[in-house]
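Report on the structure
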Amino acid sequence: MKTVVHVVGARPNFMKVAPIHRALARRGALAQRLIHTGQHYDSQMSDVFFQDLGMPPPDVHLGVGSGSHAEQTARVMVELEKALEKEPPELVSVVGDVNSTLAAALVASKLLIPVSHVEAGLRSFDRTMPEEINRVVTDRLAELLLTPSPDADDNLLREGVEKSRIFRVGNVMIDSLLSARAKAQALPVLGRMRLSPRSYAVCTLHRPSNVDQPEVFPGILRALGAVSQRLPVVFPVHPRTRRMIAKHRLEPLLSSHPSLRLVEPMGYLEFLCLTSQSKLVITDSGGLQEESTALGIPCLTVRENTERPITVSEGTNLVVGTDPARILAEAERILEGRGKQGRVPELWDGRASERIAEVYERFLAVAPATAAKEPGPQPR
Ligand code: UD1
């Protein structure tokens, strides 16, 4: 049987790979192997997601851990090359834009194994963002480019990618969200945190451009403190952010705002329980911009740009930058009921993983055991 290797590394990869893995397993035409690079390794950043998403444990764990960009990328490359040479698959499937994604695309393409990039074509046009470099290079190397939205198709076409390699499959992360939402909302998270639905905000921050910058991060925290005087703000803190709070001695600023509630990173289901019932989301995460659009919850993105413009043009997202006064003003607008309305973009429908499976089966010329009901995605 032909084999697809999925490479995962960091937290936002897991909810994208889980539905693809499940769809391919159900259809039964392709064997699969799951390789975890170990970019994220804390149990709350990794293991809990496998449990929550019902994903089998990785077949191979490369254990690369943290480091500078070069160190981390290089370590994934060295270890992944050995794993792929030992048992070469017919296709390597990578998702998103983290260092593990780039490393896997480089290694597989040099071993002449075709690469599929899920979430291809997104662009912030901001090369100061490491993920933008990962996106651009991964897309140059990928044989199959699976896009979530028309803007991504347009970016790829503009960069000279042949239409025949671009497949708009929709947003696979929303497959995970829709299939887990009911189970997540049944969890006792709100009761435990003494919160009631639609009466609190959720915040996440981890981008180096925000949390590593001593001239930016305190201002954002002050804005969150001001928002927390209007409604509780729950802030699950990424390990990088936790380190930066300590490094820049920001604990006193935080402790002066008791309703700004810093908690440990949460698992997928608990966090979905929290976000899906929140009043607003404040974030610098790419995934959360999309999830809040899918949930219809207003989102303020604390960045100067987004590689996910459809969340702004169609969804509930507003890119507000890092000016504390603007963050507070936009949060107040939402609390007054004048927040941005949105709709769910086309093909963010919970079936992206089926469409991805069809593309893989066609590319590898295998027939699924369970025939698809609708015609599969055609190249652009
Ligand atoms: C990575 C991705 C980013 C993604 C984010 C989601 C890149 C370039 N960045 O950023 O696109 O949005 O994941 O979380 O790939 N750490 C731990 N435990 C862990 C993992 C990390 O303590 O399990 C700490 C370490 O101190 C590490 C730091 O967090 O040095 C940063 O981790 P890293 O994987 O380099 O980048 P993220 O900021 O998580």
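Residues numbered from 1 in each chain as written. Predicted model: local features only at pLDDT ≥ 70, side-chain atom pairs only at ≥ 80, totals over all residues. Heavy atoms only, no water.

**Structural notes on the pattern of salt bridges**
As a reminder, the rule being used: Salt bridges are defined as contacts in which a side-chain nitrogen from Lys or Arg sits within 4 Å of a carboxyl oxygen from Asp or Glu. Segments assigned H or I by DSSP are reported as helices when at least four residues long, segments assigned E as strands when at least two residues long, and all are numbered from the N terminus. For the exposure calls, accessible area comes from a 1.4 Å probe over protein chains only, and a residue counts as buried if that area is under 20% of its type's maximum, exposed if over 50%, partly exposed in between.
The full count for this structure, using the stated rule, is 27 salt bridges. Here Glu361 and Arg27 are joined by a salt bridge, their closest N and O atoms 2.6 Å apart. Highlighted residues: Glu361 in helix α17 (residues 352-363) and Arg27 in helix α1 (residues 11-27), separated in sequence by 334 residues. Judged on exposure class, the residue Glu361 and its partner Arg27 are both buried. The partner of Glu307 in a salt bridge is Arg135, and the shortest N-O contact between them spans 3.6 Å. Here Glu307, found in the loop between β12 (299-301) and α15 (310-313), pairs with Arg135, found in helix α5 (residues 130-141); they are 172 residues apart in sequence, far enough to count as distant. The same class applies to Glu307 as to Arg135, namely buried. What emerges from the salt-bridge pattern is a single network uniting Lys16, Asp97, Glu119, Glu132, Arg135, Glu290, Arg303, Glu307 and Arg308.

**Considering the side chain of His257**
Within the fold, His257 resides in the loop between α12 (251-255) and β10 (260-263). Since its relative accessible area comes to 13%, His257 is described here as buried.

**Overview of the domain arrangement of the chain**
To keep it simple, the criterion reads: By convention here, the domain bounds are inherited from an automatic or database domain assignment. By definition, residues are in contact when any of their heavy atoms lie within 4.5 Å. Buried surface area refers to the total accessible area, computed with a probe of radius 1.4 Å, that the two partners give up upon joining, counted for both partners together. Pairs of N or O atoms are called polar contacts if they sit within 3.5 Å, as long as, within protein, a hydrogen donor faces a hydrogen acceptor (for residues adjacent in sequence, only side-chain-to-side-chain pairs). For this classification, Asp, Glu, Lys and Arg are treated as charged, while Ala, Val, Leu, Ile, Met, Phe, Trp, Tyr, Cys and Pro are nonpolar and the rest, including Gly, are polar.
In terms of domains, the chain is made up of domain 1 (3-170 + 347-363) and domain 2 (183-335). Listed by partner, the interface residues are 24 residues for domain 1 and 18 residues for domain 2. Summing both partners gives a buried area of about 1,700 Å² for domain 1 against domain 2, and 60% of it is carried by carbon and sulfur. Contact with domain 2 buries area across many residues of domain 1, yet Gln44, Asp52 and Trp348 alone supply 30% of it, more than any other trio. At the junction of domain 1 with domain 2, the criterion picks out three salt bridges. Linking domain 1 with domain 2 are six residue pairs in polar contact (both at pLDDT 80 or more). Taken together, the elements giving at least two residues each to the side of domain 1 that touches domain 2 come down to α1, α2 (47-52), α5 and α6 (150-158). Taken together, the residues of the side of domain 1 that touches domain 2 sort by class into nine nonpolar, four polar and 11 charged.

**Side note on the sheet that holds strand β7 (residues 166-168)**
How we decide: A pair of strands is labelled paired if DSSP reports no fewer than 2 bridges between them. To obtain an axis, a line is fitted to C-alpha atoms, over the contacting stretch when the element is a helix, and the angle between two such axes runs from 0 to 180 degrees between their N-to-C directions.
If you trace the seven strands from one edge of the open sheet to the other, you get β3-β2-β1-β4-β5-β6-β7, paired in parallel fashion. Looking at the sheet topology across the chains shown, the edges are occupied by β3 (60-61) and β7. With three bridges joining them, strand β5 (residues 115-118) and strand β6 (residues 144-147) adopt parallel strand pairing. Among the inter-strand pairings, Val118 is bridged to a residue of β6, identified as Leu146. The strands that α1 touches are β1 (3-8), β2 (31-36), β4 (91-95) and β5; relative to β1, the one it contacts most, it runs at about 165°.

**Section: the nonpolar core**
Most often, soluble globular proteins have nonpolar side chains that are buried together. The criterion, for reference: Side-chain atoms within 4.5 Å link the members of a nonpolar core, which is a set of buried Ala, Val, Leu, Ile, Met, Phe, Trp, Tyr and Cys residues.
Within the largest apolar cluster, 53 residues are counted, with the highest numbers of intra-cluster contacts made by Ile20, Val118, Leu146, Tyr268, Leu274, Ile356 and Tyr360. Looking at this core element by element, the count peaks at seven residues for α1. Residues within four places of Ile356 in sequence aside, it is in contact with Ile20, Val118, Leu146, Val169 and Val172. Formed by 29 residues, the second largest nonpolar core is a distinct cluster that contains Ala201, Leu205, Val302 and Ile334.

**Focus on the environment of Val216**
One can find Val216 in the loop between α9 (208-211) and α10 (217-227). For Val216, a relative accessible area of 18% gives the class buried. Taking the C-alpha atoms as reference points, Val216 and Asp323, 107 residues apart in sequence, are found 8.5 Å from one another.

**Quick word on the packing of aromatic side chains**
Short version of the rule: Any Phe, Tyr or Trp ring, taking Trp's six-membered ring, that has another such ring centre within 6.5 Å forms a pair; planes under 30 degrees apart are called stacked, those over 60 apart edge-to-face, and the others tilted.
Evaluated as defined, the whole model comprises three aromatic pairs. Plain terms: the ring middles of Phe14 and Phe49 are 6.0 Å apart, the flat faces sit at 40° to each other, and that makes the pair tilted. Of this pair, Phe14 sits in helix α1 while Phe49 sits in helix α2, and the two are 35 residues apart along the sequence. These aromatic residues form a ring-pair network of at least three members: Phe14, Phe49, Phe50 and Tyr268.

**Some points on the environment of Gln51**
Along the chain, Gln51 turns up in helix α2. Taking the C-alpha atoms as reference points, Gln51 and Gly267, separated by 216 residues in sequence, lie 9.1 Å from one another.

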